[in-house]
Amino acid sequence: MTQATAIIVGASSLLSREIAKQLADQDVELVLLAQDPESLTDFAASLATKVTVHGLQIDQPQTIISTLESLWQQLQAVHLVVVNTGLNSYDPSLPWQPEADIITVNVQGFSAVCNTAFRLFTEQGYGQLAAVNSIAGLRGGPSVAYHASKAYASNYLEGLSMHAQRLKLPITITDLQLGLLDKAAMQQSRLWLSPPDVVARQVVKAMQSAKRKAYITKRWRLVAWLTVLLPEFIYNTRHWRTKEQRKAEKAAKKAK
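Note that residues are indexed from 1 along each chain, following the sequence as it is written. Predicted model: local features are reported for residues with pLDDT of at least 70 only, side-chain atom pairs are reported and counted for 80 or more only, and whole-chain, interface and lining totals are derived from all residues. Water and hydrogen atoms play no part in the side-chain values, which are based on all heavy atoms of the structure.

Let's shift gears to the layout of surface pockets. Definitions used throughout: a 1 Å grid over protein atoms alone; a cavity as a set of points that fits a 1.4 Å probe which cannot get out; a pocket as an open set with protein on both sides within 12 Å along at least five of seven lines; a lining residue as one with an atom within 4 Å of a point. Grid points are joined across faces, edges and corners, and a volume is the space filled by probe spheres set on the points. Volume-wise, the second largest pocket comes out at about 240 Å³. Only DSSP runs of H or I covering at least 4 residues are called helices, and only runs of E covering at least 2 are called strands; the numbering of each starts at the N terminus. Going through the elements one at a time, β1 (5–9) and α7 (196–208) are the ones with two or more residues in the lining of the second largest pocket. Residue polarity is assigned by list, with Asp, Glu, Lys and Arg as charged and Ala, Val, Leu, Ile, Met, Phe, Trp, Tyr, Cys and Pro as nonpolar; anything else, Gly included, falls into the polar class. Residue composition of the lining of the second largest pocket, by class: 7 nonpolar, 5 polar and no charged.

Moving on, we get to the sheet that holds strand β6 (residues 171–178). Strand order in the open sheet formed by 7 strands is β3-β2-β1-β4-β5-β6-β7, and the pairing between neighbours is parallel. Every interior strand has two partners, whereas the edge strands, β3 (51–55) and β7 (213–216), have only one. Strand after strand, the sheet turns through a mean of 15° between neighbouring axes, direction not considered. A pair of strands is labelled paired if DSSP reports no fewer than 2 bridges between them. Looking at chain direction, β1 and strand β4 (residues 80–83) are connected through 4 bridges and run parallel. The residue bridging A6 from the neighbouring strand is L80, located in β4. Residues count as neighbours in contact if any of their non-hydrogen atoms are within 4.5 Å of one another. Here the axes come from fitting lines to C-alpha atoms, over the contacting stretch only for helices, and the angles between their N-to-C directions go from 0 to 180 degrees. Each of β1, β2 (29–34), β3 and β4 touches helix α3 (residues 61–74); the most contacted strand, β2, lies at about 160° to it.

Bringing the environment of V83 into the picture now. Considering the arrangement of structural elements, one finds V83 in strand β4. Sequence spacing of V83 and I7 is 76 residues, and the spatial spacing of their C-alpha atoms is 8.4 Å. Apart from residues lying up to four places away in sequence, V83 is in contact with V9, F110, V113, C114, L129, A130, A131 and V132.

Attention now moves to the packing of aromatic side chains. Two rings belonging to Phe, Tyr or Trp (six-membered ring only in the last case) form a pair when the distance between their centres is within 6.5 Å. Interplanar angles under 30 degrees mark stacking, angles over 60 mark edge-to-face geometry, and anything in between is tilted. This structure, assessed with the given rule, holds 3 aromatic pairs. The interplanar angle of 75° and the centroid separation of 6.3 Å between the aromatic rings of F110 and Y156 together place this pair among those described as edge-to-face. Within this pair, whereas F110 is found in helix α4 (residues 96–124), its partner Y156 is found in helix α5 (residues 144–167), the two being separated by 46 residues in sequence. Assessed through its relative accessible area of 5%, F110 is described here as buried. By the ring-pair criterion, three or more aromatic residues cluster together here, those being F110, Y152 and Y156. When accessible area is computed with a 1.4 Å probe and restricted to protein chains, residues below 20% of their type maximum are described as buried, those above 50% as exposed, and intermediate ones as partly exposed.

What follows covers the pattern of salt bridges. Salt bridge, as used here, is a side-chain nitrogen of Lys or Arg placed within 4 Å of a carboxyl oxygen of Asp or Glu. Applying the stated criterion across every chain yields a total of 5 salt bridges. E69 serves as the salt-bridge partner of R119, at 2.6 Å between the closest nitrogen and oxygen. Within this pair, whereas R119 is found in helix α4, its partner E69 is found in helix α3, the two being separated by 50 residues in sequence. Using a relative accessible area of 31% as the deciding quantity, one classes R119 as partly exposed. With relative accessibility at 27%, the residue E69 sits in the partly exposed group.

Glancing now at a nonpolar patch on the surface. A patch consists of residues whose relative accessible area exceeds 30% and which take part in no salt bridge; residues with like charges are grouped when within 9 Å of each other, and nonpolar side chains (Val, Leu, Ile, Met, Phe, Trp, Tyr) when within 5 Å. A 1.4 Å probe and the Shrake-Rupley method give the accessible areas. Residues count as covered only by the protein chains that appear here. Judged by side-chain polarity, L222, W225, L226 and L229 come together as a nonpolar surface patch covering roughly 430 Å² of accessible area. Judged by relative accessible area, which is 51%, L229 ranks as exposed.

Buried within helix α8 (residues 220–229) we find W220, V223, A224 and T227. Across the axial projection of α8, the buried residues extend over an arc of 100°, all falling on one side. Opposite the packed face of α8, turned more than 90 degrees from it, sit the exposed residues R221, W225 and L229. Each C-beta atom gives one direction from the helix axis, and the arc is the one those directions make.

Let's shift gears to the side chain of D175. Inspection of the secondary structure assignment puts D175 in strand β6. For the buried D175, no salt bridge is present, and the opposite-charge side chain at shortest range is K213, 4.4 Å distant. Whenever a nitrogen or oxygen atom comes within 3.5 Å of another N or O atom, the pair is scored as a polar contact, on the condition that within protein one atom can donate a hydrogen and the other can accept it, and that pairs from neighbouring residues in sequence are kept only if both atoms are in side chains. Among the polar contacts listed, one links the side chain of D175 to the side chain of N133, at a separation of 3.3 Å. Apart from residues no more than four positions distant in its own chain, D175 is found in contact with A131, N133, S154, L157, R212, K213 and A214. For this count, His and the chain ends are skipped, Lys and Arg are scored as positive, and Asp and Glu as negative.

Turning to α5, a few remarks are in order. Here a helix's expected span is defined as the number of its residues, less one, multiplied by 1.5 Å. If you check α5, its first and last C-alpha atoms are 35 Å apart, about what 24 residues at 1.5 Å a residue would give, namely 34 Å. Within α5 the residues assigned to the buried category are A145, Y146, H147, S149, K150, A153, S154, L157, L160, S161 and A164. In this structure, the buried side of α5 is in contact with α4, β5 (127–134), β6 and α9 (232–235). Looking one or two places after α5, you find K168, whose phi comes out positive at around 60°.

This is the structure in structure tokens:
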């Protein structure tokens, strides 16, 4: 039986490393791509499978295309491409440069990876493209470009899935909708902030089940449902506050 091969784009993040560990335990050959490949040297050596590490400039779309094409030629076959790249920032004054950087990475870089992987899967005749996305794309939000970029990603993935159906090819597109983990971390919420290995386990399970869309972790499905249903005048009253900030606000109100 041929050993499965997976390419992980954005492999330096904590979640990507956990996904890599779990795929390695299943004897999947790994190709790890990151902007700083040297940071993955020791990690790659610790995995119990064949691993190669390469650099990838996610903010340079044309370079992304040539890098993926070159790597693809070196591999017998690629069964899975996992895309876990994303830039986020928040500044209430909305300066343009951070917005532009988010658009470059989350839209242009993301599209270059997905478009190239899909084209190569089409030539190969099969494969799975899975992208770590976010329920932040369901509505606009304080990090304006980030929320918009995640909506773009969902629509882009849906379009690729429709295209695969038109071509009648066994190419699976999986949209991994992560919860608002940054917000949960800020609020120190144990209920909504799951350990990275648990998140990775659900990601791997969703990919193996060939899910079209999955909420990670599953409990975030409820939040996603409520987010869509909330009327705008209620949705817009939400604030990114920590528990300490909320306690301080309550204390200030009582003092009055």
